[in-house]
Amino acid sequence: MRIITDEGCTGYSHPGHPERPERIFATRQRLRTQTELPITWSQSGPCDDAAILRAHTTEHLARLSKLEDFDEDTPSYPNLPAYARASVGAALAALKAARAGETVFSLMRPPGHHATRNRAMGFCLFNNVAIAARYIQRHHKLPKVLIVDWDVHHGNGTQAVFDDDPGVFYFSVHQHPFYPGTGTADERGAGKAEGTKLNVPLPAGSGDTEYRRAFVEQLVPAADRFQPDFVLVSAGFDAHADDTLGGMRVTTQCYGDLTRIVRQIADRHCQGRLVSVLEGGYGLDGLAASVEAHLRVLLD
Ligand code: ZN
């Protein structure tokens, strides 16, 4: 098991902002005390413009590079483009390790799943997972990518990037109504991609039972029909009962159960090829414990 993380993601912070470097520090600290876990720690890798431009417009890249196009949720910091690039670079480094047969988790920030082709939003600058999916399709020559997004928020950016791409199956379970407002069950993909986007909106207060049911009854049969060549996890942990932003009641143990289901999909269809990328998760203890539960199942 390899974890990609480095200081390229912890050098920026904004007073009072929930998406803070302590998220990474607390998670690393917890994992480092689990000395029996066979974890190899690696640093982020390179990220060139060509990779970013597979999921974003040149205008978006240019605006971010000039520190423009930010909002209250997604404030600007000095050197932010470099941090955002490091987060993408970690996802790409994870793919490289996965190609060599490793299971990999990217423990970086900023998260990515709200970033659309042309817009930074919801703490997200570049869409790490969307860029990774495009990279898999192009460089690994694996046409069918399954993205499983269990962040408490709907990954509007990821869905939008692949809305008309039948090669990417996007599954999201999320709180609804909630930020960013998208992710209703009738959003199923456009044109020839219809049916390759599967949204399970759940009311606030939902917990383990609803999440397990969504995975077993909706994700598994859909994934078995799609038969992915690669599985990416948009691993946000803000549906945890202790989270400070989300209103859900998912337990630490349930994240292990959801991981098992996703891992079985990867084992069944694509020789276990799976990369997991951190998205949200804002209660430090719940986040760190949930990441540990997630990794323990990936390590099994
Ligand atoms: Zn989130």
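Scroll up a little and you will see the structure.
Residues numbered from 1 in each chain as written. Predicted model: local features only at pLDDT ≥ 70, side-chain atom pairs only at ≥ 80, totals over all residues. Heavy atoms only, no water.

### Topic: the packing of aromatic side chains
- If you walk through the whole model with that rule in mind, you get nine aromatic pairs.
- Summarising the aromatic geometry, the rings of tyrosine 12 and tyrosine 83 are spaced 4.9 Å apart at their centres and angled 40° between planes, so their arrangement reads as tilted. Taken together, the residues span a long stretch of sequence, with tyrosine 12 in the loop between β1 (2-4) and α1 (22-33) and tyrosine 83 in helix α4 (residues 80-99) at a distance of 71 residues. Like tyrosine 12, the residue tyrosine 83 is buried in the burial classification.
- On the basis of an interplanar angle of 85° and a centroid distance of 5.7 Å, the ring pair of phenylalanine 123 and tyrosine 282 is categorised as edge-to-face. Separated by 159 residues along the polypeptide, phenylalanine 123 in the loop between β3 (104-106) and α5 (128-139) and tyrosine 282 in the loop between β8 (274-278) and α9 (284-299) bring together distant segments of the chain. Here phenylalanine 123 matches tyrosine 282 in class, with each residue buried. (Phe/Tyr/Trp six-rings, centres within 6.5 Å; stacked < 30°, edge-to-face > 60°. Helix = DSSP H or I, 4+ residues; strand = E, 2+ residues; numbered from the N terminus. Buried < 20%, exposed > 50% of the residue type's maximum accessible area, 1.4 Å probe, protein only.)

### Quick notes on unusual backbone geometry
- The linkage connecting histidine 176 with the following residue, proline 177, adopts the cis geometry, with an omega of 0°.
- With respect to the helices, strands and loops of the structure, proline 177 is situated in the loop between β5 (168-175) and β6 (197-202).
- A cis amide bond, omega 0°, links tyrosine 179 with the succeeding residue proline 180.
- By secondary structure assignment, the location of proline 180 is in the loop between β5 and β6.
- One non-glycine residue, phenylalanine 123, lies in the positive phi region at around 75°.
- For lysine 141, which is not a glycine, the phi torsion comes out positive at approximately 55°.
- With respect to the element layout, lysine 141 can be found in the loop between α5 and β4 (145-149).
- In this structure lysine 141 comes out as exposed when scored by relative accessible area, which is 64%.

### Some words on the sheet that holds β8
- Reading across the sheet, the eight strands line up as β2-β1-β3-β8-β7-β4-β5-β6 and stay open at both edges, with parallel pairing between neighbours. Looking at which strands have only one partner, the edges of the open sheet turn out to be β2 (40-42) and β6. Neighbouring strand axes in the sheet, compared pairwise and without regard to direction, differ in orientation by 15° on average.
- Alignment of β4 against β5, held across five bridges, turns out to be parallel. When the bridges of β5 are listed, leucine 146 appears paired with phenylalanine 169.
- Running at roughly 155° to β2, α1 makes contact with β1, β2 and β8 of the sheet.
- In the packing of helix α8 (residues 252-270) onto the sheet, the strands contacted are β4, β7 (230-235) and β8, and the crossing angle to β7 comes to about 165°. (Pairing = 2+ DSSP bridges. Axes fitted to C-alpha atoms, helices over the stretch in contact; angles between N-to-C directions. Contact = heavy atoms within 4.5 Å.)

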